[in-house]
Amino acid sequence: MFRVPLLVALSLVIAFGGGIVFTLLALDATSGFGAIKLGAWQAFPEMQTADADPYAKSHRARAGRLLYGTAEGLVFTASDDDAGARLTASCSYRISGQTPPARLWTLFIAGNDGRPIEDAAGRPSTINSWVVLRKPDSTFNITVSSSAQAGNWLALPPSGNFRLVWTLLDSPAASNSGLIDLGMPKLEKIGCGNV
């Protein structure tokens, strides 16, 4: 008597539960389509726009991120260094070179979820184009390590993996025509452990 309704209810739970689980897995697996990769840096130019694909819109809605206009901003992330090794807090890294032209850029250390890591008292986990120290040819070096360094320095969390998030604001690079000639700074490992 209760066999048919029980089987229908079980089928609905499996269908809806499985659908939700697979949707969440798909959202974690990709940030959308149309990625560009420049060295270690990866961006999804349409992720922040109204023309974004459904996965990118879902990512943005789930994270509560601000919607940029087409030419307002471009967000690059790096989870690996230029050699392809995963970024980890037990190593030190150097970011060197120049950024594409932008009125303002910001760089911060984020966790695997893309959210900024809370900085410990007095330890910088973010830097921007207004405060970065430059060489006479306008290039710069930023050291990313757990121990304090002279010059431009970002402090790493005590342990675990991390990612770097570089946002170019009010940049011609954010328009589709500017993506072809972009050059992002190098991201290289300079040592691990107590080196």
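Fair warning: this is a prediction, and the values are worked out from it, not measured in the lab.

**Brief notes about the pairing of strand E3 (residues 73–78)**
Consecutive residues of a regular strand have side chains that alternate between opposite faces of the sheet.
Line of reasoning, step 1. Here two bridges tie strand E2 (residues 41–43) to E3, and the two strands are oriented antiparallel to one another. By the bridge assignment for E3, Ala43 is matched with Phe76.
Line of reasoning, step 2. As judged from the six bridges shared by E3 and strand E9 (residues 163–169), these two strands associate in the antiparallel manner. In the strand pairing of E9, Thr77 is matched with Val165.

**Some points on the state of the cysteines**
Line of reasoning, step 1. Counted by the stated rule, this structure contains one disulfide.
Line of reasoning, step 2. Each sulfur of the disulfide joining Cys91 and Cys192 lies 1.9 Å from the other. Around the S-S axis, the bridge from Cys91 to Cys192 shows a dihedral of about 90° and counts as right-handed. Separated by 101 residues along the polypeptide, Cys91 in strand E4 (residues 91–97) and Cys192 in strand E10 (residues 186–192) bring together distant segments of the chain.
Line of reasoning, step 3. For Cys91, a relative accessible area of 5% puts it in the buried group.

**Examining the sheet that holds strand E5 (residues 104–110)**
Each strand in a sheet pairs with another by means of backbone hydrogen bonds, the pair being arranged parallel or else antiparallel.
Line of reasoning, step 1. Pairing in this open sheet of six strands is antiparallel, and the strands run E1-E2-E3-E9-E5-E6 from one edge to the other. Edge positions in the sheet fall to strand E1 (36–38) and strand E6 (126–128), since each of these pairs with one other strand and no more. Recorded for the sheet is a direction-independent mean angle of 20° between the axes of neighbouring strands.

**Some remarks on the packing of aromatic side chains**
To describe a pair of aromatic rings, one takes the distance between the centres and the angle between the planes.
Line of reasoning, step 1. Here the structure, examined in full by the defined rule, presents five aromatic pairs.
Line of reasoning, step 2. Seen from their ring centres, Tyr93 and Phe162 are 6.0 Å apart, and the 70° between their planes marks the pair as edge-to-face. Linking Tyr93 in strand E4 with Phe162 in the loop between strand E8 (152–155) and E9, this pair joins segments that are 69 residues apart in sequence.
Line of reasoning, step 3. Look at Tyr93 and you get buried, because its relative accessible area is 1%.
Line of reasoning, step 4. Accessibility expressed as a relative area gives 0% for Phe162, which makes it buried.
Line of reasoning, step 5. Through successive ring pairs, a cluster of aromatic residues spans Trp41, Trp105, Phe140 and Trp166.

**Focus: the environment of Ser79**
Line of reasoning, step 1. Along the chain, the position of Ser79 falls in the loop between E3 and E4.
Line of reasoning, step 2. Remark: the alpha-carbon pair of Ser79 and Gly111, spanning 32 residues in sequence, is separated by 9.7 Å.

**Some points on the sheet that holds strand E7 (residues 140–145)**
Line of reasoning, step 1. In spatial order, the strands read E8-E7-E4-E10; together these four strands make up an open sheet with mixed pairing. Each edge of the open sheet carries a strand with a single partner, namely E8 and E10. Averaged over all adjacent pairs, the angle separating strand axes in this sheet is 25°, with direction ignored.
Line of reasoning, step 2. Here six bridges tie E4 to E10, and the two strands are oriented antiparallel to one another. Looking across to E10, one finds that Ser96 is bridged to Lys186.

What counts, and where the lines are drawn
Residues numbered from 1 in each chain as written. Predicted model: local features only at pLDDT ≥ 70, side-chain atom pairs only at ≥ 80, totals over all residues. Heavy atoms only, no water. Pairing = 2+ DSSP bridges. Helix = DSSP H or I, 4+ residues; strand = E, 2+ residues; numbered from the N terminus. Disulfide = S-S within 2.5 Å. Buried < 20%, exposed > 50% of the residue type's maximum accessible area, 1.4 Å probe, protein only. Axes fitted to C-alpha atoms, helices over the stretch in contact; angles between N-to-C directions. Phe/Tyr/Trp six-rings, centres within 6.5 Å; stacked < 30°, edge-to-face > 60°.

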